[in-house]
Each structure stands twice: as structure tokens, then as C-alpha cells.
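# Structural overview
Spelled out from the first residue to the last, the chains are:
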Amino acid sequence: MTTTGRPAPVLPPQERDVGLSVPRSLAISAALGWRMLVVVAALAVIGVVAVQLSRVVVPVAIALLLAALLVPAVGWLVRHRVPRALATALVMVGGVAGLGGVLTFVIVTFVRGIPQLGDQLSASVDAVVGWLSTGPLRLSDEQLRSVQDELIETLTANQSAITVGAITTAATIGELLTELLLVVFTLAFFLHDGGSIWRFLLGAVPEGTRDRVDVAGRRGLAALVSYIRATAVVAVVDAVAIGLALALLSVPLAVPLAALVFLGAFVPIVGAVVAGGAAVLVALVAQGPITALVVLAVIIGVMQLEGHVLQPLLLGRAVKLHPLAVILAIAAGLVTAGIAGALLAVPLLAVLNSGIRSLRSDADKHTRPEDVHTSEPEASGPDDPELEREPTLEGE
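Since the structure is predicted, the reported quantities are computational estimates derived from the model, not experimental observations.

The next subject is the overall build of the protein chain. The number of helices and strands found in the protein chain is 14 helices and zero strands. Its helices and strands taken in sequence order, the protein chain reads α-α-α-α-α-α-α-α-α-α-α-α-α-α from the N to the C terminus. Residues counted as buried form 32% of the 396 residues belonging to the protein chain. In the protein chain, once contacts between residues fewer than 6 apart in sequence are set aside, the share between residues at least 24 apart is 73%. In the structure as shown, the protein chain presents an accessible area of about 24000 Å², 70% of it carried by carbon and sulfur atoms.

Quick look at the structure:
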């Protein structure tokens with residue numbers, strides 16, 4: 001019987017036989033399969049739209065990252081009875097000027113040092129190849145020559161392209177200025193009216209789940225704030241520590257290499273490997289293997305300090321990401337949207353990770369949105385022991 005009192009329809013025997021003959025595993029797989037296809041299709045559509053609107057999406061995403069870095073300062077001023085409009089103006093002027101000055105110095109220093117850095121790395125490749133052919137390994141010239149030629153050709157061929165890459169990223173100067181103005185304009189509204197914008201977006205969520213989604217969104221913003229703040233601190237610490245070590249060891253191009261380390265810190269794991277490898281190669285050809293080993297030890301020590309002290313101190317529980325997830329996210333972002341995709345992939349992953357953890361957590365079912373403080377690292381994840389437990393194999 002159905003809920004309306006009518007008898008349930010009876011399927012013909014042949015249809016009942018077909019349904020009974022389908023294995024349960026196949027039925028479950030089919031049900032999961034079509035749902036997965038719908039999810040993949042939705043993500044594909046979102047990706048295509050984002051790529052087509054990249055000149056709008058990327059500036060808005062950059063503004064969101066900057067807002068995550070600057071919104072704690074606005075909140076601090078508001079709590080000290082500074083009007084929100086004035087607090088936003090002060091933070092915009094001071095923060096944008098400070099960040100712009102630092103990034104301009106780092107990028108200009110790095111770009112100016114690229115030709116010398118390319119020559120130095122080319123010499124480093126020659127020295128390494130010579131050691132491999134004449135040293136204990138005794139590799140043949142045929143095995144090494146092709147690899148050496150390709151590396152040197154890549155370094156020399158891309159020097160000019162890398163040097164002007166900061167300007168030619170946009171098709172024209174007009175587009176670059178337009179995107180820059182969009183970043184500043186969007187950042188001002190995020191800092192001043194971020195709460196109103198978020199409440200407007202929540203209006204599209206059913207009322208029964210609105211508080212739960214609100215908490216998850218606030219957890220995601222807390223994760224983004226923690227990630228950006230920690231990444232900026234880590235970038236400064238890495239650049240200063242490694243730059244000082246290179247300068248004390250009289251390694252040439254210490255300032256451009258420190259700038260490379262600073263920029264590389266914003267692309268987790270991959271950036272550290274590339275920047276550290278360049279520093280070790282330059283030290284090897286300029287000062288010899290002992291200095292190169294000292295530089296390598298300093299880099300490893302700084303990375304250990306970053307991984308075991310700075311990140312646990314500055315990041316919340318939910319921002320902790322598996323290295324494989326980070327690598328795959330960077331690779332997907334690089335393939336999809338180039339350098340901008342690589343820079344934005346890990347912050348997006350951190351936000352999604354924190355929001356999904358909140359939605360899965362039983363502890364957040366009774367959490368009020370106003371109890372989640374986005375400027376605190378602890379707010380990036382719910383206090384749920386079940387989510388903190390590492391998965392283990394059966395029998396362990």
C-alpha cells in the first residue's frame with residue numbers, strides 16, 4: 001500500500017526477474033556511478049566558466065586572499081572603536097602600500113638577477129655533469145650530453161621570457177591596470193562589507209541548514225586567514241634565514257636567491273624544492289661542495305623549523321593538508337589556469353577541507369555562527385576527536 005491508500009503498482013514478472021537478476025554490487029556501482037558523473041559534470045561546468053571568466057575570477061580571488069590577510073587588522077581597529085569605514089581606509093592604504101612595496105622590491109630584485117642567475121646555474125650544470133663523468137659514477141658522455149644541452153638551452157632560451165613575464169602576463173597594459181583596479185575595488189568591499197556579502201549569499205541556502213552552512217563558511221574563512229598569515233610569515237622567515245646564510249657564506253646572487261625563496265614559499269613544497277635547489281647549485285659552482293652542503297643543511301633546517309614550529313603554531317587543525325593533496329592541487333591548478341592556478345589551488349583546498357570537516361562534524365551541529373572567530377587559527381576546525389584520528393589498517 002502507498003501513503004495515499006492506493007495499492008502499490010505491481011511490476012510484470014519479467015521486469016521483476018530483471019531487477020532480481022542484477023547483482024547488488026553492480027546496482028550499487030551504477031547508483032554511485034551516475035551520481036559521480038553528475039558531480040564531475042557540475043565541476044567541469046564550473047571549471048569552464050571560471051577559465052572563461054579568468055580575468056574576473058583571478059582578481060576577485062586575489063582580493064579574497066588579501067582580505068584574509070588584512071581583515072584581522074580591520075577587526076582589531078573596529079574593536080578599539082575606530083569607525084569601520086575609517087578602519088578599512090587605514091588598512092587599505094597601509095596594507096596595500098606595504099604589501100605592494102615588498103612585492104615590488106622582491107619581484108624587481110628577482111627579475112634583475114635572472115640573467116646572472118641563469119648564467120650561474122648553467123655553470124653549475126656544467127660542473128655537476130663534469131663530476132658525474134669523471135667522478136666515482138663514471139657516466140658516459142652520451143648519457144649526460146643530451147640532458148646537459150637541454151637544461152642549458154632551457155635556461156638560456158627563457159631568460160628574456162622570464163624577465164618580461166611580469167609585464168606580458170596580461171595581453172595589454174590596459175588589461176593589467178583594469179585587473180589591478182578590480183582587485184583594489186573588490187578588496188575594499190570585502191574589508192568593509194564582507195559580513196553583509198556573506199549574509200546575502202547565505203540567503204540562497206534553505207533556512208533549516210543555514211546556520212550549519214554559516215558555521216562551515218566561517219571555518220573555511222578562518223582556514224584561509226590562517227593559511228595566508230602563516231604563508232606570509234614562513235616566506236619572510238625562509239627568505240631572511242636563507243638569504244643571511246648565503247650572504248655569510250659569500251655565495252653570489254644572495255639577494256635574488258632570497259627573493260626566489262620568498263616567492264617560492266607561496267607555492268608549497270614545489271616552490272621550496274625549486275628555490276632551494278637553485279641556491280645549492282649556485283653555492284656548489286661558486287664556493288665548492290662544502291659550501292653547497294652547508295647551504296643544503298641550512299635549507300633543511302629552515303624547512304624543519306617551518307614544518308614543526310611555525311606551521312603548527314600559526315595554522316589551525318583543519319588547515320593541515322597531506323603533501324600528496326598539495327602536490328595534486330598545485331598540478332591541477334597549473335594545468336587548468338597556469339601560474340595563477342598554482343598559487344590559488346592550495347588556499348582553495350584549505351578552505352574546502354575546513355568547510356567539509358565542519359559539515360561532517362557532530363560537534364558543529366550545536367555551534368553558533370557568532371562563536372566562530374575567523375581571526376583565530378583554532379576556529380579553522382571543529383573540536384571533534386573523530387576527525388583528528390588518523391586512519392589505521394585493520395589489525396594494527
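Moving on: the pattern of salt bridges. Considering all chains together, one arrives at one salt bridge under this definition. The partner of arginine 218 in a salt bridge is aspartate 214, with the nearest N and O atoms 2.9 Å apart. Taken together, the residues span about one helical turn, with arginine 218 and aspartate 214 both in helix α9 (residues 210–248) at a distance of four residues. By relative accessible area, arginine 218 is classed as partly exposed at 26%. Look at aspartate 214 and you get buried, because its relative accessible area is 9%.

Looking now at helix α3 (residues 54–79). In an α-helix, one turn spans 3.6 residues, which is why side chains three or four residues apart end up on the same side. Between its first and last C-alpha atoms α3 spans 36 Å; for 26 residues at 1.5 Å apiece the expected length is 38 Å, and the two agree. Bending of α3 peaks at approximately 40° at the position of leucine 70, with proline proline 72 no more than four residues after it. Of all the residues in α3, the buried ones are Pro59, Ala63, Leu65, Ala67, Ala68, Leu70, Val74, Gly75 and Leu77. Count one or two residues on from α3 and you reach arginine 81, which has phi positive near 65°.

Further remarks concern the packing of helix α10 (residues 254–264) against helix α11 (residues 270–287). Two numbers describe how α10 lies on α11: the axes approach to 8 Å, and their chain directions differ by 165°. Classified by the interaxial angle, the pair formed by α10 and α11 is roughly antiparallel. As for the relative orientation of α10 and α11, their crossing is left-handed in sense. Side by side, α10 and α11 meet where Leu257, Leu260, Val261 and Gly264 of the first sit next to Gly271, Ala272, Ala275, Ala278, Ala279 and Val282 of the second.

The geometry of α9 relative to α10 is characterised by a closest axis approach of 8 Å and an angle of 155° between their N-to-C directions. The angle between α9 and α10 places the two elements in the roughly antiparallel class. Handedness of the crossing formed by α9 with α10: right-handed. When α9 is examined against α10, the residues Ala235, Val236, Asp238, Ala239, Ile242, Gly243, Leu246 and Ala247 are found in contact with a partner set consisting of Ala254, Leu257, Ala258, Val261 and Phe262. Residue classes in the contact of α9 with α10 are distributed as 11 nonpolar, one polar and one charged.

Glancing now at a nonpolar patch on the surface. A surface patch of nonpolar side chains, amounting to about 490 Å² of accessible area, comprises Met36, Val39, Val40, Leu43 and Ile46. Mapping methionine 36 onto the fold places it in helix α2 (residues 24–52).

We now examine the packing of aromatic side chains. According to the stated counting rule, one finds two aromatic pairs in the structure shown. Judged by centre distance (5.5 Å) and plane angle (70°), the rings of phenylalanine 262 and phenylalanine 266 are edge-to-face.

The next thing to look at is α11. Between its first and last C-alpha, α11 extends 26 Å over 18 residues, near the 26 Å set by a 1.5 Å rise per residue. Every buried residue of α11 is accounted for by Gly271, Ala275, Gly276, Ala278, Ala279, Val280, Val282 and Ala283.

What follows deals with the environment of glycine 333. Note on placement: glycine 333 falls in helix α13 (residues 323–360). Along the primary structure glycine 333 and alanine 345 are separated by 12 residues, whereas in three dimensions their C-alpha atoms are 5.4 Å apart. When neighbours within four sequence positions are excluded, glycine 333 is seen to be in contact with Gly338, Gly341, Ala342 and Ala345.

A few words now on the nonpolar core. Core analysis: the biggest nonpolar cluster contains 17 residues, and Ile242, Leu246, Val251, Leu257, Ala279, Val295 and Ile299 have the highest contact counts within it. Element by element, the count of residues in this core is highest for α11, at six residues.

Another point: unusual backbone geometry. Of note in the backbone geometry, arginine 81 takes a positive phi value of approximately 65° without being a glycine. In this fold, arginine 81 is placed in the loop between α3 and α4 (84–134). Even without a glycine there, the phi angle at serine 250 is positive, about 60°. Structurally, the position occupied by serine 250 is in the loop between α9 and α10.

The subject of this paragraph is the environment of phenylalanine 185. Positionally, phenylalanine 185 belongs in helix α8 (residues 173–202). Expressed as a C-alpha distance, the spacing of phenylalanine 185 and alanine 63, which sit 122 residues apart in the sequence, is 8.6 Å.

Thresholds, definitions, all that
Residues numbered from 1 in each chain as written. Predicted model: local features only at pLDDT ≥ 70, side-chain atom pairs only at ≥ 80, totals over all residues. Heavy atoms only, no water. Helix = DSSP H or I, 4+ residues; strand = E, 2+ residues; numbered from the N terminus. Buried < 20%, exposed > 50% of the residue type's maximum accessible area, 1.4 Å probe, protein only. Contact = heavy atoms within 4.5 Å. Areas by Shrake-Rupley, 256 points an atom, 1.4 Å probe, with all protein chains shown as cover. Salt bridge = Lys/Arg side-chain N within 4 Å of Asp/Glu carboxyl O. Expected span 1.5 Å × (residues − 1). Bend = angle between axes of the 7 residues up to and from the residue. Axes fitted to C-alpha atoms, helices over the stretch in contact; angles between N-to-C directions. Parallel < 35°, antiparallel > 145°, perpendicular 65-115°, else oblique. Left-handed = near helix turned anticlockwise from the far one by under 90°. Nonpolar A, V, L, I, M, F, W, Y, C, P; charged D, E, K, R; others polar. Patch = residues over 30% accessible without salt bridge, like charges linked within 9 Å, V, L, I, M, F, W, Y side chains within 5 Å. Phe/Tyr/Trp six-rings, centres within 6.5 Å; stacked < 30°, edge-to-face > 60°. Core = buried A, V, L, I, M, F, W, Y, C linked by side-chain atoms within 4.5 Å.

Shape is all these values report; function is a separate question.
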